[in-house]
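# Observations on the three-dimensional arrangement
Listed below are the residues making up each chain.
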Number of protein chains: 2
Amino acid sequence: MHPLSVGMSFSLHPKLGQRSHLIGQLDGCVLLLKDHAHFPWMILVPEVADGIEDLHQLDDERYLEVCQAIRKISFFLTNFFKPEKLNVACIGNQVRQMHIHLVARNCDDPAWPGTVWAHSDWQPRDPQEIEAIVNAARAALIDAR
Amino acid sequence: MHPLSVGMSFSLHPKLGQRSHLIGQLDGCVLLLKDHAHFPWMILVPEVADGIEDLHQLDDERYLEVCQAIRKISFFLTNFFKPEKLNVACIGNQVRQMHIHLVARNCDDPAWPGTVWAHSDWQPRDPQEIEAIVNAARAALIDAR
């Protein structure tokens, strides 16, 4: 779905790459836009060694760096989409590669007020919309292009 | 369920206080143990002004302080319960007072591999177990007692 060459030693879990678009690299993480018409949904994948699955397993400095990346994306999503609420979560029960969900939520989205992870209905987002979001996110968030 | 006097200007949302036990205060947050037999589940409630609902709305310093509190609790939960996976999330679609879920998950828990928020079956935890968890968490996490 996207050309993903993000580093020599890091490879994205195939399930995270599915139905997603590469925005770019941010603070040593891969940032993806999930292709979902109903939810503005980004996934941040820190480039960490295998076996590091929970955020607190990162060392102090890296932990804070990832937290700051989460904060930057949160500002982007709320500024761009003006959602009712932002949902941020590191779950990873099924896909163990560390990844953080950031989802802009609205009262009229089909999963509201539940979580998106319990919602199975998928609709692809309009390709022009995807392009606009990815471009805006790159301009706001991605340092080295 | 617990005597909750945590400050002059801060009051816990009644829904967060339901079926929960006060562990204490940590880095300007209220830390609760959710009374649930199936999941070791803590809730961190930063003492913030009304209207601050998303983590990134905190100022830089406070944001990092809350992130560090999340990290400390993560270490406690994983050391104490030795779970398969830790789930950490700030959702708040229903209860808008900012709160962060920290849930230790195991392959044999009844919601696995789904999330706990989609799981409606509740069983109270044994009171002696609760006391042991609360005491251990206080010893490990709570500074001023």
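Computed from a prediction, not measured in an experiment: that's the story for all the values here.

Conventions used here
- As a convention, each chain's residues are numbered from 1 in the sequence order in which they are written.
- Chain labels run from A onward and ligand labels from 1 onward, assigned in the order the entries are written.
- Reporting in this predicted model follows two pLDDT cut-offs: at least 70 for local features of residues, and 80 or more for side-chain atom pairs to be given and counted; totals over whole chains, interfaces and linings ignore these cut-offs and use all residues.
- Calculation of side-chain values draws on the structure's entire complement of heavy atoms; hydrogens and water are dropped beforehand.
- Here, a salt bridge means any side-chain nitrogen of Lys or Arg that lies within 4 Å of a carboxyl oxygen of Asp or Glu.
- Here a strand is any run of E in DSSP of at least two residues, a helix any run of H or I of at least four, and the numbering for each starts at the N terminus.
- Between buried and exposed lies partly exposed: a residue is buried under 20% and exposed over 50% of the maximum accessible area for its type, with that area taken using a 1.4 Å probe on protein chains only.
- Two strands qualify as a pair provided DSSP detects at least 2 bridges between them.
- Contacts are residue-level and defined by heavy atoms, with any inter-residue pair within 4.5 Å sufficient.
- Once two parts are brought into contact, the accessible area they lose, counted with a 1.4 Å probe and summed over both, makes up the buried area.
- N or O atoms within 3.5 Å of each other form a polar contact, as long as, within protein, one can give a hydrogen and the other can take it, and as long as residues adjacent in sequence are counted only when both atoms are side-chain atoms.
- Only residues with pLDDT of at least 70 in both copies contribute their C-alpha atoms to the least-squares superposition of the copies.
- Here a helix's expected span is defined as the number of its residues, less one, multiplied by 1.5 Å.
- In this analysis, axes come from line fits to C-alpha atoms, helices being fitted only over the stretch in contact, and the angle between any two N-to-C directions falls in the range 0 to 180 degrees.
- Orientation labels follow simple angle bins: below 35 degrees gives roughly parallel, above 145 gives roughly antiparallel, 65 to 115 gives roughly perpendicular, and whatever is left gives oblique.
- Working rule for handedness: look at the near helix, and if it is turned counterclockwise from the far one by less than a right angle, call the crossing left-handed; if clockwise, right-handed.
- Any residue outside Ala, Val, Leu, Ile, Met, Phe, Trp, Tyr, Cys, Pro, Asp, Glu, Lys and Arg is labelled polar, Gly included; the first ten of those are nonpolar and the last four are charged.
- Any two of the Phe, Tyr and Trp rings considered here, Trp counted by its six-membered ring, make a pair once their centres fall within 6.5 Å; the pair's planes then place it as stacked at under 30 degrees, edge-to-face at over 60, or tilted in between.
- Our definition puts a charge over a ring when NZ of Lys or CZ of Arg is within 6 Å of the ring centre and also within 35 degrees of the ring normal.

## Some points on the pattern of salt bridges
Tallied over the entire structure, the rule returns 16 salt bridges over all chains. Among the salt bridges present, the one from aspartate 27 of chain A reaches lysine 72 of chain A, with a minimum N-O distance of 2.8 Å. Of the two residues, aspartate 27 of chain A is situated in the loop between β1 (20–26) and β2 (29–34) and lysine 72 of chain A in helix α2 (residues 60–81); the sequence distance between them amounts to 45 residues. Overall, the relative accessible area of 37% leaves lysine 72 of chain A in the partly exposed class. One salt-bridge network, held together by shared partners, links Glu53 and Arg96 of chain A together with Glu84 of chain B.

## Topic: the pairing of strand β5 (residues 100–105) of chain A
Residues and elements named next belong to chain A. Within β5, six of the six residues are buried, leaving the element largely enclosed by the surrounding structure. Side-chain alternation along β5 places Ile100, Leu102 and Ala104 on one buried face and His101, Val103 and Arg105 on a second face that is also buried. In terms of strand pairing, strand β3 (residues 41–46) meets β5 through four bridges, oriented antiparallel. What sits directly across from isoleucine 43, in β5, is histidine 101. Strand direction decides the pairing type here: strand β4 (residues 85–90) and β5, joined by five bridges, are antiparallel. Counterpart to asparagine 87 in the pairing with β5 is valine 103.

## Here's the deal with the interface of chain A and chain B
Contacts between the two partners involve 34 residues from chain A, matched on the other side by 34 residues from chain B. Taken together, the two surfaces of chain A and chain B that pack against each other cover about 3,000 Å², and 50% of this comes from carbon and sulfur. Counting the contacts that link chain A with chain B gives six salt bridges. Ionic pairing is found between glutamate 84 of chain B and arginine 96 of chain A, a salt bridge with its closest N-O pair at 3.0 Å. Our count for the contact surface shared by chain A and chain B stands at 30 residue pairs in polar contact (both at pLDDT 80 or more). Every element with two or more residues in the side of chain A that touches chain B is listed here: α2 and β4 of chain A.

## Topic: the relation of the copies chain A and chain B
In this arrangement, two copies of a chain are superimposed by a rotation about an axis accompanied by a shift along the axis. When chain A is fitted to chain B, the best match, at an RMSD of 0.0 Å, comes from turning it 180° and sliding it 0.0 Å along the axis. Read as a symmetry element, the transformation amounts to a two-fold axis. Residues of chain A ranked by C-alpha distance from the rotation axis are headed by alanine 89 of chain A, positioned 2.0 Å from it. Taken together, the interface assignments show that 100% of the residues at the interface of chain A recur at the interface of chain B, consistent with an identical surface on both copies.

## Observations regarding helix α3 (residues 127–141) of chain B
The terminal C-alpha atoms of α3 of chain B lie 21 Å apart, and with 15 residues this matches the ideal 21 Å at 1.5 Å per residue to within 8%. The backbone nitrogen of glutamine 128 of chain B has a side-chain oxygen 3.0 Å away, supplied by the residue at the start of α3 of chain B, namely aspartate 126 of chain B.

## Quick notes on unusual backbone geometry
Peptide bonds are mostly trans, and most non-glycine residues show a negative phi. Put simply, tryptophan 112 of chain A and proline 113 of chain A share a cis peptide bond, and its omega is -5°. Looking at the element boundaries, proline 113 of chain A is found in the loop between β5 and α3 (127–141).

## Here's the deal with the packing of α2 of chain A against α3 of chain A
Residues and elements named next belong to chain A. Following both chains from N to C, one finds α2 and α3 inclined at 135°, their axes separated by 11 Å at the closest point. On the basis of their axis angle, the class for α2 and α3 is oblique. Between α2 and α3 the crossing geometry is right-handed. Contacts between α2 and α3 involve Lys72, Ile73, Phe76, Phe80 and Phe81 on the former and, on the latter, Ala132, Ile133, Ala136, Ala137, Ala140 and Leu141. Class assignment for the residues of the contact of α2 with α3 results in ten nonpolar, no polar and one charged.

## Observations regarding the packing of aromatic side chains
Counted under the stated rule, the structure contains seven aromatic pairs over all chains. Among the aromatic side chains, those forming a connected cluster through ring pairs are Phe76, Phe80 and Phe81 of chain A. In this arrangement the basic side chain of arginine 19 of chain A is found over the ring face of tryptophan 122 of chain A, its NZ or CZ atom lying 3.6 Å from the centre. Here arginine 71 of chain A stacks its cationic end above the ring of tyrosine 63 of chain B, 5.1 Å away from the centre of that ring.

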